[in-house]
Number of protein chains: 2
Amino acid sequence: MVLGVRLYSALYPSWGPVCLLLRSFASCSGNPASCCTMPQLGLLHGRAWAVLFGQLRRPPGAVCIGAVHSHSQVAEAALATQLKPHQEKSNFIIKTPKGTRDLSPQQMVVREKIIDMVVSCFKRHGAKGLDTPAFELKEMLTEKYGEDSGLIYDLKDQGGELLSLRYDLTVPFARYLAMNKVKKMKRYHVGNVWRRESPTIVQGRYREFCQCDFDIAGQFDPMIPDAECLKIMCEILSGLQLGDFLIKVNDRRILDGIFAVCGVPESKFHAICSSVDKLDKMSWKDVRHEMVAKKGLAAEMADRIGDYVQCHGGVSLVEQMFQDPRLSQNKQALEGLGDLKLLFEYLTLFGIAEKISFDLSLARGLDYYTGVIYEAVLLHTPAHAEEEPLNVGSVAAGGRYDGLVGMFDPKGHKVPCVGLSIGVERIFSIVEQRMKTFGENIRTTETQVFVATPQKNFLQERLKLIAELWDAGIKAELMYKNNPKLLTQLHYCENMGIPLVVIIGEQELKEGVIKLRSVASREEVAITRENLVAEIQKRLSES
Amino acid sequence: MVLGVRLYSALYPSWGPVCLLLRSFASCSGNPASCCTMPQLGLLHGRAWAVLFGQLRRPPGAVCIGAVHSHSQVAEAALATQLKPHQEKSNFIIKTPKGTRDLSPQQMVVREKIIDMVVSCFKRHGAKGLDTPAFELKEMLTEKYGEDSGLIYDLKDQGGELLSLRYDLTVPFARYLAMNKVKKMKRYHVGNVWRRESPTIVQGRYREFCQCDFDIAGQFDPMIPDAECLKIMCEILSGLQLGDFLIKVNDRRILDGIFAVCGVPESKFHAICSSVDKLDKMSWKDVRHEMVAKKGLAAEMADRIGDYVQCHGGVSLVEQMFQDPRLSQNKQALEGLGDLKLLFEYLTLFGIAEKISFDLSLARGLDYYTGVIYEAVLLHTPAHAEEEPLNVGSVAAGGRYDGLVGMFDPKGHKVPCVGLSIGVERIFSIVEQRMKTFGENIRTTETQVFVATPQKNFLQERLKLIAELWDAGIKAELMYKNNPKLLTQLHYCENMGIPLVVIIGEQELKEGVIKLRSVASREEVAITRENLVAEIQKRLSES
């Protein structure tokens, strides 16, 4: 704990050079605080710190206001000196934070279409809307996400409560249920969540991304809500026309049963489970190696697990597992298998059984699942040869979490829940690429009428006219110029896909008419002022 | 800097009692880190710290992993010891963070209606959608908000970039324009922003709240976009039927001109401006006292300012100010007055001049405004005597900010902008209260048809039937029970406002029909299975 510098009054003039030093130090060692823990820092950057320390003699009359003991505090101190941006504009990089992006108007149109489609499906299934804050008390999120907890964004302690940005929409939902003592609810929630993942943007993964969740909370007869969740996933993935897809299904209790009958000690269930979860990206050989070499599992146990987790199939595999001499001895596994059998029965009635695969390798990362789990993957190959295949991983997933609400309830009262989450961002990548490939053009505005003039000094008339259109609910634009050229105005309409133009000039004003022009056909007709709105509305309703 | 404790390995068992001590210390002194700065802490809580320090003998074999020097670090250390929630559930308060709230399904319906109305107005005026991340690089937000900068939420430094939650949607828009070198754009943006204000929730103010922004960027002929912004505010406030309203208008250049001709030194412009800004909450007498006693302004200067800033009126006041012997000597003021005169001309053409008041006391807090500024206030008194008047302050505001984009551009290139922001939260409070007063009932789901049965063992038939309805796009629900009671099912429909019920039982199955029941009239008709979907769609299109 000897590494560090003392901070003298930040207002002292000699802070200028110190600050530059801090800056160059920060940049030479990469991102200000990306390095790691303090002890490592001390070893790695001992020399740099010493230099820094040497520079900082206490200026006469300055007051020591604190000691900097961590790398991040130094970065902050550098900021606190308030370098004016215009003083060093050349160092100033304008960007969005790592792993985030702006959505352009074109992207917004596509995004809105996808979300509208998803939400209308949720509403078709009787869900109510719900919204929760972007951040939660930090303690609400602890012990919910297992190994992923390190990816939670914390807010800085600025006084008051310790807060974290929400990591998913499921935990806030469970917190809402417990807080309001709600025992039964079918809700949807569309909102952003934040995860400090290493972004691989090419795969459609971001640190800020939108989730569309549907969940059913309450004590019901088994597997009916679970089956509806799978039906919803099918409706959405079919509706979005993303190509062929498959939904893998498994049950946490079956996985635990497999580990138990293979002799895995219970303390290793989580670690082995997270190895199994990698089977969609790694070969069994590599996963087996991880289990044995890294996680210390006996080789014969790993082999036994391998016999199970490499199986996948339909309802017949459920039957086969029921007959398995070892697994059929395990109570948990039997419960899981019984539920899966019932689930397949309902899926058949819903007409979607052929989209579902019982896949024993499916494990799902999050800690809170307790029963059925599922994950939808796209199977499609690009329609065009020149289109690059896009690895988007799973596009929707979910499962049953019967214990999560109880974690929030002071008396531990449980509310069983099952739900699903649609990964809009990944779907968005696919749709965006498809549109690029097909060169689709999207209108980013909905303007129906443009108010134009061929003459100078007609701004006043244009303003009066457009106010009439707006007040009639017609979507209208004009050029913010006193004297625009007619050609410029007509070009704008063509570029923006605006279907109608109303033209007012001296001639029209004299005759008490307005010219109505169709942009596509270039036909023009004169219409009396009082009939204009009605005529426009008629034209728009016809198109 | 002597206050503090050393942190020994967090895993050491003796951490239990230490942690409890830290907790009780935190709770007895209010929120963990709300108290203040470190030196104050040392004085206030010296005794408590000493006790703490005394408790902490280095346990044999434990490693010192750091020193805690601030109150907030202590709170964090307490968290880091990972007390399992179920170990002390009784201390565990389930809540949303201070100043935030969940939106219930009923609130969501109201919220969505308001936002839909606002967005449709923005689209009527030709705006494109845009979205930006919830957080920005911290440096993007510095020096944009004046005195309010302290209210920005920073994210914790977890390695990598230093980030802050967005404080409004205007600065991210300016950053977007500069980053993408966009010189012209009309965009809307609906999104949450975060401000660490002392929440007075009764007035509809939150720390997380939704803003609906419309902005026009680009070099245009003067006051045309500005007038459109005011037109949009009028359309929205009229459309939402919030009662009578008024939009105050002023110009930053006129204010600066007033200060100059009253003899205020330029260094005091900002301070005096923020005093003027308080005239909507304080009397002139109190504001004058603040100027003289707190901000050191000469009494006669304050009196001269008072003569101006207590004026408000229509376009005639603009003319009057043009004739003012002192103000008419100030170049800036003349520019502002000239623009306001033009603005009023356009507002008259738009038919909204009577809604606008030239109010010399309007100042607007944010630093970035450079020209016209405006703020809409509701004038309505409650319709019913028993309804409490709700002080919601301004419900919409905005102005011209010609310098903000240039602050982001490496070469300082300017893009003039003007825009407005609708305070949905405040409008929401009003609409919500109105609905409570009138006892309005809102449907929180859109379900059109309920699939019911009067008999046991009809789950399979119900599942097949409801899948047909879903696949036809009909919004349908059923009870997640094997054998629900018919009465329960019908009651649910009445409670939820579901208009139609389809009933299937043995009789119907035998005859190949389904009973279709209207919940309102309780009339039932038998319909053949193949005609069911068509009949339902016909009924729904008629209602």
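Residues numbered from 1 in each chain as written. Chains lettered and ligands numbered in written order. Predicted model: local features only at pLDDT ≥ 70, side-chain atom pairs only at ≥ 80, totals over all residues. Heavy atoms only, no water.

Notes on the sheet that holds strand β12 (residues 394-400) of chain A
Residues and elements named next belong to chain A.
And then number 1: Taken in spatial order, the nine strands make up an open sheet running β3-β6-β7-β13-β12-β11-β8-β10-β9, and their pairing is mixed. The open sheet is flanked by β3 (128-129) and β9 (312-313), the only strands paired with a single partner.
And then number 2: When strand β8 (residues 245-251) meets strand β10 (residues 356-359), the two strands line up parallel, connected through three bridges. The residue of β10 that forms the bridge with lysine 248 is serine 357.
And then number 3: Across the sheet, helix α5 (residues 105-124) touches β6 (185-194), β7 (208-217) and β13 (417-423), and the angle it forms with β7 is around 5°.
And then number 4: The strands touched by helix α14 (residues 331-349) are β8, β10 and β11 (372-378); relative to β10, the strand with the most contacts, the crossing angle is about 170°. (Pairing = 2+ DSSP bridges. Helix = DSSP H or I, 4+ residues; strand = E, 2+ residues; numbered from the N terminus. Contact = heavy atoms within 4.5 Å. Axes fitted to C-alpha atoms, helices over the stretch in contact; angles between N-to-C directions.)

A word on the confidence of the model for chain A
And then number 1: Confidence in the prediction of chain A, expressed as mean pLDDT, is 83, and 80% of residues score 70 or more.
And then number 2: Predicted as a complex, the structure gets a pTM of 0.82 and an ipTM equal to 0.82. (pLDDT = per-residue confidence, 0-100.)

Quick notes on the UniProt feature "binding site: L-histidine" (unreviewed entry) in chain A
All names here are of chain A.
And then number 1: On the UniProt side, "binding site: L-histidine" (unreviewed entry) is annotated at positions that read Asp168, Leu169, Thr170, Arg195, Gln211, Asp215, Arg364, Tyr368 and Tyr369 here.
And then number 2: Checked against the element boundaries, leucine 169 lands in the loop between β5 (163-165) and α7 (170-179).
And then number 3: The class for leucine 169 is buried, based on a relative accessible area of 0%.
And then number 4: Those residues within four positions of leucine 169 in sequence are excluded, and the remaining contacts are Arg187, His189, Val190, Gly191, Asn192, Val193, Gln211 and Asp213.
And then number 5: Turning to its location among the elements, arginine 364 is positioned in the loop between β10 and β11.
And then number 6: The buried category is assigned to arginine 364, whose relative accessible area is 16%.
And then number 7: Excluding anything up to four places from it in sequence, arginine 364 contacts Arg252, Asp277, Tyr369, Ile373, Tyr374, Glu375, Ala397 and Gly398. (UniProt positions renumbered as here; feature names shortened; annotations may be inferred. Buried < 20%, exposed > 50% of the residue type's maximum accessible area, 1.4 Å probe, protein only.)

So, the environment of A:Thr444
And then number 1: Tracing the backbone shows A:Thr444 in the loop between α16 (424-437) and β14 (449-452).
And then number 2: A:Thr444 gets classed as buried once you look at its relative accessible area, which sits at 18%.
And then number 3: Between the alpha carbons of A:Thr444 and A:Gln107 there is a distance of 9.0 Å; along the sequence they are 337 residues apart.
And then number 4: Filtering out sequence-adjacent residues up to four positions away, A:Thr444 remains in contact with A:Pro105, A:Gln106, A:Val109, A:Met496, B:Ala127 and B:Lys128.

Overview of the relation of the copies chain A and chain B
And then number 1: Expressed as a screw operation, the relation of chain A to chain B combines 0.0 Å of axial shift with a rotation of 180°, fitting to an RMSD of 0.1 Å. Given the turn and translation reported, the copies of this chain are related as if by a two-fold rotation axis.
And then number 2: Mapped onto chain B, 100% of the interface residues of chain A are again interface residues, and the two copies thus contact each other with one and the same surface. (Least-squares fit on C-alpha atoms with pLDDT ≥ 70 in both.)

Remarks on the pattern of salt bridges
Note that side chains of opposite charge can pair when their charged atoms are close.
And then number 1: Using the criterion set out here, one finds 73 salt bridges over all chains in the structure.
And then number 2: Between B:Lys123 and A:Glu112 there is a salt bridge whose closest N-O contact spans 3.7 Å. Taken together, the positions of B:Lys123 in helix α5 (residues 105-124) and A:Glu112 in helix α5 put the pair across two chains.
And then number 3: Note on B:Lys123: relative accessible area 16%, which makes it buried.
And then number 4: Between A:Glu524 and A:Lys515 there is a salt bridge; the shortest N-O distance is 3.6 Å. (Salt bridge = Lys/Arg side-chain N within 4 Å of Asp/Glu carboxyl O.)

Quick look at the interface of chain A and chain B
And then number 1: If you look at the interface, chain A gives 113 residues, while chain B gives 115 residues.
And then number 2: Surface buried jointly by chain A and chain B totals about 10,200 Å² across both partners, of which 61% is contributed by carbon and sulfur atoms.
And then number 3: In terms of surface lost to chain B, no three residues of chain A exceed A:Ile94, A:Trp470 and A:Tyr480, which account for 9% of the buried area on that side.
And then number 4: The tally of links from chain A across to chain B stands at 14 salt bridges. (Buried area = accessible area lost by both parts, 1.4 Å probe.)

A few points about the packing of helix α8 (residues 224-239) of chain A against α14(A)
All names here are of chain A.
And then number 1: At a closest axis distance of 9 Å, the pairing of α8 and α14 adopts a crossing angle of 50°. Here α8 is positioned oblique relative to α14, judged by the angle of their axes. Once α8 is placed against α14, the crossing between them reads as right-handed. Across the interface between the two elements, Ile224, Asp226, Ala227 and Leu230 of α8 pack against Leu343, Tyr346 and Leu347 of α14.
And then number 2: When grouped by side-chain class, the residues that make up the contact of α8 with α14 number six nonpolar, no polar and one charged. (Parallel < 35°, antiparallel > 145°, perpendicular 65-115°, else oblique. Left-handed = near helix turned anticlockwise from the far one by under 90°. Nonpolar A, V, L, I, M, F, W, Y, C, P; charged D, E, K, R; others polar.)

Notes on the domain arrangement of chain A
And then number 1: Domains assigned within chain A are domain 1 (105-380 + 392-438) and domain 2 (449-542).
And then number 2: If you average the C-alpha positions of domain 1 of chain A and of domain 2 of chain A, the two centres end up 53 Å apart. (Domains from an automatic or database assignment.)

Considerations on α7(A)
And then number 1: Taken across its ten residues, α7(A) has nine buried, putting it largely inside the fold.
And then number 2: A:Lys181 lies just past α7(A) and shows a positive phi near 50°.

What to know about the packing of helix α17 (residues 459-471) of chain A against helix α8 (residues 224-239) of chain B
And then number 1: The interhelical angle for the contact between α17(A) and α8(B), taken along N-to-C directions, is 25°, at an axis separation of 12 Å. Considering their axes alone, α17(A) and α8(B) lie roughly parallel with respect to each other. Pair α17(A) / α8(B) crosses with right-handed handedness. The residues of α8(B) that touch α17(A), namely those facing A:Leu459, A:Leu463, A:Ala467, A:Trp470 and A:Asp471, are B:Ile224, B:Glu228, B:Lys231 and B:Glu235.

Some points on the pairing of strand β11 (residues 372-378) of chain B
Residue and element names in this part refer to chain B.
And then number 1: Within β11, seven of the seven residues are buried, leaving the element largely enclosed by the surrounding structure.
And then number 2: Side chains Val372, Tyr374, Ala376 and Leu378 of β11 all project onto a buried face; the interleaved residues Ile373, Glu375 and Val377 project onto the opposite face, where all are buried too.
And then number 3: Judged from the five bridges that link them, β11 and strand β12 (residues 394-400) form a sheet pairing that is antiparallel. Counted as the bridge partner of tyrosine 374 is glycine 398 from β12.

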